[in-house]
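Tertiary structure, described
As a plain string of letters, each chain reads:
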Amino acid sequence: MRVTFTVNGREQEADDVWEGESLLYVLRERMGLPGSKNACEQGECGSCTVRLDDVPVCSCLVAAGQVQGREVVTVEGLADQARERGGRATDGTTLDQAKGWQAKPHGAQAAQPGQLAPIQQAFIDAGAVQCGFCTPGLLVAADELLERNSSPTDADIREALSGNLCRCTGYEKILDAVRLAAARQDEVV
Amino acid sequence: MDLGTVTQMRDARRREQWRPGDAYLGGGTYLFSEPQPHIRRLVDLGSMGWEPLEVTPDGLVIAATCTVAQLNRFTAPPGWQACHPLIEQCCRSFLASFKIWNMATVGGNICNALPAGPMISLTAALEGEATLLALDGGVRRLPVAEFVTGNGRKVLREGELLRSVTLPTYALRSRTAFRQGSLHRLGRSAALVIGRHDPADGSFTLTVTASTPRPVRLWFPLPPAAAQLRAALEQAVPPGAWFDDIYGLPEWRRHLTLRFAEEIRAELTTAPVAPGEE
Amino acid sequence: MAGTTRTPTNLTQGAKADAGIGASTLRPDGTLKVTGEFAYSSDMWHEDMLWGFTLRSPHAHARILSVDTSDALAQAGVYAVLTHDDLPTEHKKYGLEFTDTPVLADGVVRHHGEPVALVAADHPETARRAAAKIKVEYEELPVVHDEASALAEDAPLLHPGRDDHHAHEVPHPNIVHRQPIIRGDANAAARRADVIVTGEYEVGMQDQAFLGPESGLAVPGEDGGVDLYVATQWLHSDLRQIAPVLGLPEEKVRMTLSGVGGAFGGREDLSMQIHACLLALRTGKPVKIVYNRFESFFGHVHRHPAKLWYEHGATRDGKLTHMKCRIVLDGGAYASASPAVVGNASSLSVGPYVIEDVEIEAVALYTNNPPCGAMRGFGAVQACFAYEAQMDKVAAELGMDPVEFRQLNAMTQGTIMPTGQVVDSPAPVAELLRRVKALPLPPENQWESAGQTADVRALPGGLSNTTHGEGVVRGVGYAVGIKNVGFSEGFDDYSTARVRLEVVAGEPVATVHTAMAEVGQGGVTVHAQIARTELGVQQVTIHPADTQVGSAGSTSASRQTYMTGGAVKNTCEAVRDKALQLGRRRFGTFHPAWATAELLLEGGKVVTDGGEVLADLADVLGDDVVDLELEFRHRPTEAFDIVTGQGFGHVQYSFAAHRAVVEVDTELGLVKVVELACAQDVGKALNPLSVVGQIQGGTTQGLGLAVMEEIIVDPKSKVRNPSFTDYLIPTILDTPTIPVDVLELADDHAPYGLRGIGEAPTLSSTPAVVSAIRAATGLALKRVPVRPEHITGV
């Protein structure tokens with residue numbers, strides 16, 4: 001079957017999708033977006049977390065067919081989403097931002113330092129990345145948390161990230177990273 | 001994970017012949033987490049557009065497609081004291097996190113019929129009645145506690161679908177108490193016990209789930225004494241009948257259940273503290 | 001689908017001037033990892049690639065009577081189906097220490113999940129379905145499940161006719177290896193003791209549970225060779241085992257490390273490497289294999305479950321008199337790293353204490369249980385759980401404070417190990433204990449805050465309203481451990497580093513190329529820091545790890561910063577010397593200091609140690625390139641004598657201590673770890689941020705072993721819980737705050753005085769947590785992981 005949906009702001013189409021394929025498989029193997037990870041494919045580890053119509057879900061548990069016509073944001077789209085978010089809180093993109101708008105080239109591009117979403121930069125700065133396999137899922141989940149709650153307590157952070165497993169860090173520096181991103185968000189506002 | 005044997009996704013609005021290997025798809029959080037070699041076609045209920053939650057004169061009607069997240073956000077009308085905090089407590093008893101809440105459905109959880117299904121616990125404890133629709137249009141209703149008959153077993157017939165669960169007003173006006181134990185944070189429940197004390201007729205109902213393969217309900221015309229409750233529970237779940245899996249030994253589940261039952265009994269037989277009093 | 005092949009790339013990082021050793025420099029691969037662009041082994045992709053799948057045994061012990069692949073071959077989309085009979089050479093086995101593991105089962109399967117056949121197809125689901133059509137007829141055989149069944153007189157022999165280097169030393173053919181250690185006279189010393197304390201302990205089977213699944217891509221080359229992109233811990237060890245099976249010279253098996261999603265010992269053995277190469281060479285097409293989580297639990301070795309029996313004696317003044325112990329490790333069906341694990345368990349079984357009279361025996365068994373091998377801590381974890389439990393018990397028997405008792409008997413520099421080796425660098429055991437004890441305790445009753453109702457998230461049972469604070473008891477426990485660093489027992493371990501120094505766009509830049517497997521530990525960051533410090537450059541490029549450079553040894557045994565960091569330092573020093581020679585030739589006549597002074601490279605310049613600048617490094621180099629590849633070795637070690645266990649067996653020792661604070665609901669048997677503090681001596685913290693991250697990660701794995709993690713093997717030797725649903729690793733709700741106190745007492749034998757750090761925190765964390773639970777409950781708790789029924793007693 002053919003599945004058409006918006007990924008990271010761009011409409012994408014995948015053909016010859018088997019009916020039983022998960023959204024995760026379609027993203028990784030058919031759309032060239034391997035950022036979402038396949039650590040368990042059972043909804044236990046959270047490494048496949050994406051936003052589906054703004055809501056964080058485990059993409060390994062979502063049938064590709066259920067995504068038809070909807071909007072998906074993956075880790076590869078976090079930086080752009082953060083940039084757009086700056087204008088979304090008011091009545092859309094501000095004039096200043098619009099002046100700086102440029103057409104995005106087709107295809108993925110490695111981000112330059114400074115082009116990362118705040119949560120991404122915070123993860124790097126806080127030492128929250130070791131092997132990094134859990135990182136994409138955590139970033140999507142943490143980004144959603146901070147969007148919803150700009151001053152989370154430690155208990156709030158732990159609860160929000162409870163569905164994301166990490167085997168390398170013991171989570172301490174991940175907590176540091178989320179606090180750092182929240183604090184930086186405060187500075188900007 | 002990918003379900004390799006599935007060859008077709010169908011929109012549930014188009015009524016078609018039910019075939020062996022068909023399965024209804026709610027949120028997908030259970031279906032897609034395990035291999036399903038017997039399933040060939042998925043019938044997607046997402047497009048049915050059922051209203052997730054409706055307050056009616058009969059009580060609360062929860063559509064099968066209502067997600068856990070939607071249920072958790074429900075604000076009860078005044079007088080329905082059973083809803084808070086019980087609904088949130090049950091939602092939090094899921095084996096997993098917010099990401100599951102966003103996709104998992106009440107109906108899906110009930111139809112999986114696993115002992116630790118918190119939606120089974122919630123709806124059975126609140127006297128929920130399931131409405132089942134057959135493909136020929138026929139309608140059946142039965143209590144949720146009778147709908148689930150064992151570990152993964154329910155009385156759903158071929159092609160029949162769970163449309164909704166209705167929680168009657170009298171149950172929603174009851175006072176409830178909740179206890180749950182699991183090995184670890186967000187682990188699958190080893191025992192989940194809910195008590196309901198009906199202010200209208202004084203009756204006391206205890207619903208045991210997760211530590212037994214199917215819900216076990218004990219009803220008393222008036223709140224029992226501790227020894228009476230314990231005896232009734234031991235008789236209702238004899239040795240060998242406690243559920244056994246990697247989430248807890250049967251002996252430990254029994255231990256938890258007995259303790260929880262007593263705590264609930266004690267809580268519900270103590271007059272509630274009115275706001276402002278301490 | 002984007003058409004480019006996705007393979008590892010160079011990591012280039014310019015940096016501020018203070019990004020040499022000792023700085024908390026950020027990872028050069030950090031940006032790629034947070035944007036999702038970092039290419040892990042399961043992200044590899046190639047035009048035309050096929051997917052491989054492995055058919056595995058459902059039985060733990062069975063004879064294979066027949067294999068019929070015809071239906072599988074007939075399926076559309078299938079390109080190859082291979083069994084043992086298709087192996088191309090007379091080399092049909094591989095292994096880390098013994099070559100005992102069949103590439104594909106040869107007439108018999110010895111453990112649940114053993115590979116039997118391979119399929120290559122154009123879609124992973126096609127490959128899976130075809131594998132399901134392979135008809136294998138098994139005849140089940142009696143299962144060797146434990147010590148009794150393994151060592152019975154008529155026990156089925158797992159490997160009859162074994163001819164490995166331990167075969168003639170062991171008392172029974174189902175013993176993989178046995179290492180006794182005798183020093184002094186334990187029996188005579190026992191007679192001096194006022195108290196004698198024995199205990200029997202058990203450690204369950206833990207799994208590494210790295211998140212990145214076993215995976216990789218094999219691309220057949222035009223020269224008949226193969227290019228292999230894989231996640232592993234030691235490229236050259238893999239290569240040594242892969243090439244003979246394929247019948248290729250090593251130069252024709254070109255390996256590149258692709259991104260590794262964690263390892264912790266679970267990737268030391270081969271998984272899909274040979275399989276993917278066989279399929280690629282057979283089909284002439286690239287073949288990708290990715291295990292799912294279920295298969296992953298069968299696709300790698302686990303930590304040895306262990307039964308340990310200990311006896312300690314002590315005099316009333318608190319001094320230990322002697323120690324006897326017997327450690328039995330269940331090695332499962334194949335040897336893997338079992339012999340080395342035995343050597344470790346044995347030689348480290350005394351712990352960081354002074355005991356001169358000891359009698360020790362450690363063995364590993366062959367059974368039909370899942371194969372066990374390397375996991376972070378490597379035999380020392382099991383021993384530490386037992387000896388630390390003993391220390392608490394002896395202290396209690398003497399009526400002494402458990403920390404003071406340990407400090408009284410603590411090892412120091414100059415202590416002699418039970419193997420006769422002198423500990424010839426600082427061993428701050430008492431100090432580490434002092435530090436964790438001195439930390440203020442976290443406030444009690446965290447769930448009550450000034451009259452408000454309980455935040456149930458802080459209670460044992462957490463979110464689930466299980467308890468309201470009544471019946472919850474706090475306990476505090478301590479533990480300290482000793483781990484060796486590096487490969488031991490006479491192994492000629494070395495690493496290699498190639499460093500290239502040249503001028504690019506007017507600036508001196510360095511490229512570092514090693515075969516080191518970066519598995520998350522941060523080696524790539526440290527190599528760049530070392531190059532900056534030694535060569536005074538800012539921009540450093542880390543070349544992808546591959547077999548085009550000499551071996552870097554294994555990313556294990558806490559050895560990489562020492563060995564490959566040491567190799568990078570060593571090569572940089574040689575590169576510096578060459579650069580200075582160039583400088584002398586070019587500029588020597590202009591300044592006497594070129595000939596007389598000690599010269600350094602700093603800030604892109606040649607400077608004297610007095611700080612005088614002699615030249616820009618860019619001018620010194622001009623168009624010249626300095627490019628050297630050198631090996632680096634540590635001081636040699638010796639084997640342990642097979643009777644007495646004596647020998648200078650270890651390169652270095654590493655020490656950590658923990659304090660655990662737990663809250664236990666004694667009625668329900670639920671535990672919450674409130675704080676797990678660690679003090680560790682790291683010699684020299686080359687990157688403090690990374691060091692603390694590693695210590696916190698290791699501490700958490702220890703917590704997992706203490707209260708959560710176990711592979712359940714049933715009496716038929718089958719794995720019951722191969723999924724993250726049923727094998728529980730700590731989530732962020734399970735982990736406590738983990739304060740870390742880092743000491744830096746240099747080991748003068750090591751580069752920069754550093755100590756390997758990765759494993760020590762996995763040792764003392766587990767017994768500290770259990771000690772705290774014992775303090776809260778008064779229960780003996782002799783087994784890990786501790787489960788609720790152990791606490792409630794039902």
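Cut-offs and rules
- Every chain's residues receive numbers from 1 upward, in the order its sequence appears when written.
- Following the order in which they are written, the chains are lettered starting with A and the ligands numbered starting with 1.
- A pLDDT threshold of at least 70 governs which residues receive local features in this predicted model, and a stricter bar of 80 or more applies before side-chain atom pairs are shown or counted, although totals over entire chains, interfaces and linings include all residues.
- Based on all heavy atoms of the structure, the side-chain values leave hydrogens and waters out of the count.
- Classification of ring pairs rests on two measures: the distance between centres of Phe, Tyr or Trp rings, Trp counted by its six-membered ring, which must be within 6.5 Å, and the angle between planes, read as stacked under 30 degrees, edge-to-face over 60 and tilted in between.
- Whether a charge lies above a ring is judged from NZ of Lys or CZ of Arg, which has to be within 6 Å of the ring centre and within 35 degrees of the ring normal.
- UniProt positions are given in the numbering used here, feature names are shortened, and annotations may be inferred rather than shown by experiment.
- Only DSSP runs of H or I with at least four residues qualify as helices, and only runs of E with at least two residues qualify as strands; both kinds are numbered from the N terminus onward.
- Buried, partly exposed and exposed residues are distinguished by accessible area as a fraction of the type maximum, computed with a 1.4 Å probe on protein chains only: under 20%, between the cut-offs, and over 50%, respectively.
- Whether two residues touch is decided by their heavy atoms; if any such pair falls within 4.5 Å, the residues are in contact.
- An axis is simply a line fitted to the C-alpha atoms; with a helix, the fit covers only the stretch in contact. Between two such axes, the angle follows the N-to-C directions and lies from 0 to 180 degrees.
- The labels follow the angle: roughly parallel below 35 degrees, roughly antiparallel above 145, roughly perpendicular from 65 to 115, and oblique for the rest.
- Crossing handedness: left-handed means the near helix sits turned counterclockwise from the far one by under a right angle, and right-handed means the same turn made clockwise.
- Under this grouping Gly is polar, as are all residues other than the nonpolar Ala, Val, Leu, Ile, Met, Phe, Trp, Tyr, Cys and Pro and the charged Asp, Glu, Lys and Arg.
- Reported domain spans reflect what an automatic or database domain assignment gives.
- Using a 1.4 Å probe, buried area is obtained as the accessible area two parts lose upon being combined, added over both of them.
- A pairing counts as a salt bridge when a side-chain nitrogen of Lys or Arg comes within 4 Å of a carboxyl oxygen of Asp or Glu.

The name given to chain C in an unreviewed UniProt entry is Xanthine dehydrogenase subunit D, with the source organism recorded as Streptantibioticus parmotrematis.

Per an unreviewed UniProt entry, the recorded name for chain A is (2Fe-2S)-binding protein, and the organism is Streptantibioticus parmotrematis.

Let us now look at the packing of aromatic side chains. Residue and element names in this part refer to chain C. Scanning the entire structure with this criterion turns up twelve aromatic pairs over all chains. Ring centres of Phe-587 and Phe-590 lie 6.3 Å apart, and the angle between their planes is 45°; this geometry places the pair in the tilted category. Geometry around Tyr-291 places Arg-56 over its ring, the cationic atom sitting 5.0 Å from the centre. If you follow Arg-267 out to its NZ or CZ, it ends over the ring of Phe-210, 4.0 Å from the centre.

Another point: the UniProt feature "domain: Aldehyde oxidase/xanthine dehydrogenase a/b hammerhead" (unreviewed entry) in chain C. According to UniProt, the "domain: Aldehyde oxidase/xanthine dehydrogenase a/b hammerhead" (unreviewed entry) feature falls on residues 35–142 of chain C. Structurally, residues 35–142 of chain C comprises 14% helix and 35% strand, and the distance from its first C-alpha atom to its last is 51 Å.

Attention now goes to helix H3 (residues 124–132) of chain C. Every buried residue belonging to H3 of chain C is among Pro-124, Glu-125, Thr-126, Ala-127, Ala-130 and Ala-131 of chain C, and all of these are buried. Looking at the buried side of H3 of chain C, the elements it contacts are helix H1 (23–30) of chain A together with strand S2 (50–56), helix H2 (70–74), strand S4 (78–82) and strand S8 (115–121) of chain C.

Attention shifts here to the packing of helix H4 (residues 118–125) of chain A against helix H5 (residues 135–148) of chain A. Residues and elements named next belong to chain A. In the contact formed by H4 and H5, the axes pass within 9 Å of each other and the chain directions differ by 125°. Relative to H5, the element H4 is oriented oblique. Once H4 is placed against H5, the crossing between them reads as right-handed. Across the interface between the two elements, Ile-119, Gln-120 and Phe-123 from H4 touch Thr-135, Leu-138, Leu-139, Ala-142, Asp-143 and Leu-146 from H5. Across the contact of H4 with H5, the residue classes break down as six nonpolar, two polar and one charged.

Now for the domain arrangement of chain A. Residues and elements named next belong to chain A. On domain assignment, one finds that chain A holds domain 1 (3–75) and domain 2 (77–96 + 110–188). A straight line from the C-alpha centre of domain 1 to that of domain 2 covers 20 Å. Counting residues at the interface gives 17 residues for domain 1 and 18 residues for domain 2. Taken together, both faces of the contact between domain 1 and domain 2 bury some 1400 Å²; the carbon and sulfur share is 57%. At the junction of domain 1 and domain 2, the tally comes to two salt bridges. Note that Asp-143 is salt-bridged to Arg-51, the shortest N-O span being 3.4 Å. Of the residues belonging to the side of domain 1 that touches domain 2, the class tally is six nonpolar, seven polar and four charged.

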